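# Structural overview
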Amino acid sequence: MYKKLLRYSNKIFNLFSIIASITDGRIKPQIPTVKIVAAIIIMHFTNQGSLNNLSQEIAYKNFKADIPSVSTIARTADSMDLEEIRGVGIEIYREARKKKMLEPCHGMWVGVVDGHEQITSPYCKCPYCKSRIVTKKGGIKDIQYYHEFTAFILAGPKISFILDLEPILPGEGEISSSYRLIERVCKNYPKAFKIVIGDGLYLKETVFNLLESHHKYTIAVLKEERRQLFEEANRLSLLSEPKVYRQKKTYYRVWDHSISGCWDGYGKGVRVIVSEEATPKRVHSKDGKSFRDSLNRANWMWVTNLPCPESEYLVNLKNTVRICHSRWQIENQCFNETVNTWNADHVYRHSANAIIVFLLLLFICVNIFNIFRIRNIKDRSIKTKIYLIRLIGIGFHTAGSPLPLVPTIPPIPI
Ligand SMILES: [Zn+2]
């Protein structure tokens with residue numbers, strides 16, 4: 001399975017050739033960067049989880065001559081060019097989109113942006129480290145260092161595709177970082193998406209205006225803190241009848257209000273979509289012997305500048321509600337899954353640049369792996385993602401010559 005994945009990455013995405021464009025800032029490099037990038041990609045693909053595990057495999061297979069040492073990999077990652085790695089991500093995206101491997105989310109191309117805390121550490125080692133005081137058991141106060149970043153994904157019906165990330169620097173909030181991220185993603189992926197969804201933090205005129213200048217629409221969660229809009233939407237909901245429908249097991253009561261004059265900074269009218277949802281569920285009863293029926297209720301409110309559809313209003317409204325809900329994909333498929341399954345919270349090398357290098361390369365690997373899994377695995381005995389990842393790891397461990405051929409461009413002497 002390991003070799004199959006490598007062949008697939010090379011045949012479809014030309015992966016081990018396009019990574020040759022990545023360079024780093026070593027003054028007299030003995031080993032070309034492409035070999036180091038290939039080693040990191042192999043480490044991520046085979047889910048080693050740490051450079052230490054990779055070095056164990058290198059020692060076991062006697063590959064010291066073919067795979068650079070762990071300390072070289074770590075040192076090189078300190079100065080690897082991030083824009084060039086992002087360029088590889090863009091190439092992968094282009095191929096995937098051209099070959100129709102990505103699908104729109106309920107008829108629309110939707111981007112999702114959110115912030116996330118990834119790494120905590122008791123030591124401060126780099127200029128991206130943020131710090132806070134934590135109180136431990138017994139009241140002892142200690143400084144904890146941590147890293148945060150914002151990520152941007154493309155939501156999809158089967159898989160989501162991670163486009164980019166940007167660190168949240170010490171002294172700044174999520175919005176400042178996401179502002180840089182959105183600017184870059186709009187430049188690098190101008191036609192990838194039409195709508196961007198964010199949580200309550202993104203209900204800001206600066207975000208709406210920025211995306212509008214790139215001809216994109218915005219959806220943001222409406223929370224109680226935005227009193228004026230929130231109360232106006234609630235008042236209107238009391239005065240009008242909702243659209244009522246059922247989708248799968250969930251019953252919806254949805255209001256779609258056009259509101260203007262309640263958002264000072266923005267100055268334009270917006271739509272507020274209110275959705276009351278109820279899903280019947282069978283759960284274990286408390287005695288553990290039988291089942292009982294219960295009802296899961298959820299109330300959602302979103303603000304958007306998406307235009308109101310002129311025809312097929314109800315179909316459109318249903319789709320808009322589903323698109324609004326696709327925001328959860330960034331939590332589950334990007335943050336939780338990369339951490340739990342792919343060890344994204346591991347600090348491979350603690351330096352400002354290296355942390356981003358390892359994450360960007362991991363995202364490239366996860367994107368390829370996801371496409372490989374849904375399009376290329378026809379074997380019905382492979383049911384779970386974890387099992388497939390294990391098969392790839394075993395394939396690497398047992399393969400005779402497990403390294404991909406990379407173009408060996410000699411390093412340019414300085
Ligand atoms: Zn740090």
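For every chain, the first residue of its written sequence is number 1, and the numbers climb from 1 along that sequence. Reporting in this predicted model follows two pLDDT cut-offs: at least 70 for local features of residues, and 80 or more for side-chain atom pairs to be given and counted; totals over whole chains, interfaces and linings ignore these cut-offs and use all residues. Water and hydrogen atoms were dropped before computing side-chain values, which therefore reflect all heavy atoms in the structure.

Interaxial angle, 0 to 180 degrees, is taken between N-to-C directions of lines fitted to C-alpha atoms, where a helix line uses only the stretch in contact. Numbering of helices and strands runs from the N terminus; a helix is a DSSP stretch of H or I covering at least four residues, while a strand is a stretch of E covering at least two. Contact pair helix α3 (residues 33-45) / helix α12 (residues 352-376): the axes reach a minimum separation of 9 Å and the direction vectors enclose 55°. For the element pair α3 / α12, the angle class is oblique. The interaxial crossing formed by α3 with α12 has right-handed handedness. Residues V37, I40, I41, M43, H44 and F45 of α3 pack against F358, L361, L362, C365 and I368 of α12. Relative orientations are named as follows: roughly parallel for angles under 35 degrees, roughly antiparallel for angles over 145 degrees, roughly perpendicular for angles from 65 to 115 degrees, and oblique for any other angle. Left-handed describes a crossing whose near helix is turned anticlockwise from the far helix by less than a right angle; the clockwise case is right-handed. Here a residue-residue contact requires only that any non-hydrogen atoms of the pair lie within 4.5 Å.

Turning next to the packing of aromatic side chains. Centres within 6.5 Å are what make two rings of Phe, Tyr or Trp a pair, Trp counting through its six-membered ring; a difference in plane orientation under 30 degrees is then read as stacked, over 60 as edge-to-face, and the rest as tilted. Taken as a whole, this structure holds 14 aromatic pairs when the rule is applied. Centroid distance Y8 to F13: 6.3 Å. Interplanar angle 75°. Geometry classified as edge-to-face. As far as the burial class goes, Y8 and F13 line up, both buried. Judged by centre distance (4.9 Å) and plane angle (80°), the rings of F208 and W263 are edge-to-face. Pair noted here: F208 is in helix α8 (residues 205-213) and W263 is in the loop between β8 (250-259) and β9 (270-284), with a separation of 55 residues, a long-range link. We classify F208 as buried; its relative accessible area is 0%. Through a chain of ring-to-ring contacts, three or more aromatic side chains come together here, namely Y8, F13 and F372. For the exposure calls, accessible area comes from a 1.4 Å probe over protein chains only, and a residue counts as buried if that area is under 20% of its type's maximum, exposed if over 50%, partly exposed in between.

The next point concerns the coordination of the zinc ion. Only nitrogen, oxygen and sulfur atoms within 2.8 Å of the metal, or 3.2 Å for Na, K and Ca, are treated as donors, and water is left out, so sites may look incomplete. Within the protein, C126 (SG), C129 (SG), H147 (NE2) and H350 (NE2) serve as the donor atoms for the zinc ion, at 2.0 to 2.4 Å. Geometry is assigned from donor-metal-donor angles: four donors are tetrahedral when every angle falls between 85 and 135 degrees, four are square planar and six octahedral when opposite donors sit over 155 degrees apart with all other angles between 65 and 115, and any other arrangement is irregular. Around the zinc ion, the 4 donor atoms are arranged such that angles at the metal cover 99 to 123°; this shape is classified as tetrahedral. Mapping the donors of the zinc ion onto the primary sequence yields the spacing C-x2-C-x17-H-x202-H. Considered together, C126 and C129 belong to a single accessibility category, that of buried residues.

For every residue, the pLDDT score states the predictor's confidence, bounded by 0 at the bottom and 100 at the top. This prediction gives the chain a mean pLDDT of 86; 97% of its residues lie at or above 70. Predicted confidence in the chain is weakest over helix α4 (residues 51-61), with a mean pLDDT of 81, and strongest over helix α7 (residues 174-188), with 93.

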